[in-house]
Amino acid sequence: MAAVTLDCPDPPALAAFYREATGLPLHPSSDAEFAGLTTEAGLLFGFQLAPDHRPPTWPDPAVPQQAHLCFDVDDLDAAQSALLDLGATVPAAQPDPGRYRVLLDPAGHPFCLSPRG
């Protein structure tokens, strides 16, 4: 796999959120229409301009989640708190908050936090 790309209304803003969340560097050719982060292994995590982007309504299937990202963290509570400070939100639906947490990024994409290990 070479890349994973999410549609969004503001690629630089969403890239900034995930840059802060992951520590990954911004790809040097990022711009207003496409921004990306790169891993040491060369995987590109991209954010593509979609002017008519409709955020997922998870868990309501009216607008499907479109993608689902998962991140391993050392401490669920600390990671959730840090991501909320960056602009993430917590949806009401939490299928198993003792095992993992569902959050929404600033463009509305759901992602999960799971304990490392």
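A short tour of the structure in this document, coming up. (Residues numbered from 1 in each chain as written. Predicted model: local features only at pLDDT ≥ 70, side-chain atom pairs only at ≥ 80, totals over all residues. Heavy atoms only, no water.)

## Describing the side chain of Gln80
Just so we agree on the cut-off: Helix and strand assignments follow DSSP, with helices taken as H or I runs no shorter than four residues and strands as E runs no shorter than two, numbered in order from the N terminus. Whether a residue is buried, partly exposed or exposed follows from its accessible area with a 1.4 Å probe, protein chains only, as a fraction of its type maximum: under 20%, in between, or over 50%, in that order. Here, residues are in contact when the closest pair of their heavy atoms is within 4.5 Å.
Summarising the element assignment, Gln80 is placed in helix α2 (residues 76-86). Judged by relative accessible area, which is 17%, Gln80 ranks as buried. Setting aside residues up to four positions removed in sequence, Gln80 forms contacts with Val90, Arg101, Leu103 and Leu113.

## Topic: the pattern of salt bridges
Under the convention used in this document: Salt-bridge detection follows one rule: a side-chain nitrogen of Lys or Arg within 4 Å of a carboxyl oxygen of Asp or Glu.
In the structure shown here, the tally under the stated rule is four salt bridges. Note that Arg116 and Asp74 form a salt bridge whose closest N and O atoms lie 2.8 Å from each other. Of this pair, Arg116 sits in the segment after β6 (110-115) while Asp74 sits in the loop between β4 (69-73) and α2, placing them 42 residues apart in sequence. Take Arg116: its relative accessible area is 51%, and that puts it in the exposed class.

## As for α2
Put simply, the rule reads: By definition, the arc is the one covered by directions from the helix axis to the C-beta atoms.
Among all positions in α2, only Leu76, Ala79, Gln80 and Leu83 are buried. The buried residues of α2 occupy an angular sector of 100° when projected down its axis, which confines them to one face. Exposed positions of α2 whose direction lies more than 90 degrees from the buried face are Asp77 and Asp85. The inward-facing, buried residues of α2 contact α1 (11-22), β4, β5 (101-104) and β6.

## A look at the sheet that holds strand β1 (residues 3-8)
Inclusion rule: Any two strands between which DSSP finds at least two bridges are classified as paired. Each axis is a line fitted through C-alpha atoms, taken for helices only over the stretch in contact, and angles between the N-to-C directions span 0 to 180 degrees.
Sheet architecture is open: three strands sit in the order β1-β3-β2, paired in mixed fashion. The outermost strands of the open sheet, each flanked by one partner alone, are β1 and β2 (34-38). Neighbour-to-neighbour, the strand axes of this sheet turn through a mean angle of 20°, independent of strand direction. One ladder, built from six bridges, connects β1 with strand β3 (residues 44-49); its direction is parallel. Each bridged residue has a counterpart across the sheet, and for Asp7 the counterpart in β3 is Gln48. Where α1 meets the sheet, its contacts fall on β1, β2 and β3, and the angle it forms with β2 comes to roughly 15°.

## Some points on the environment of Thr89
Relative to the assigned elements, Thr89 resides in the loop between α2 and β5. As for Thr89 and Asp10, which are separated by 79 residues in sequence, their C-alpha atoms are 17 Å apart. Apart from residues lying up to four places away in sequence, Thr89 is in contact with Leu84, Leu103 and Leu104.

## A few points about unusual backbone geometry
Note that the residue after Trp58, namely Pro59, is joined by a cis bond; omega there is 5°. Mapped onto the fold, Pro59 is located in the loop between β3 and β4. Phi at Gln66 takes a positive value of approximately 70°, unusual for a residue other than glycine.

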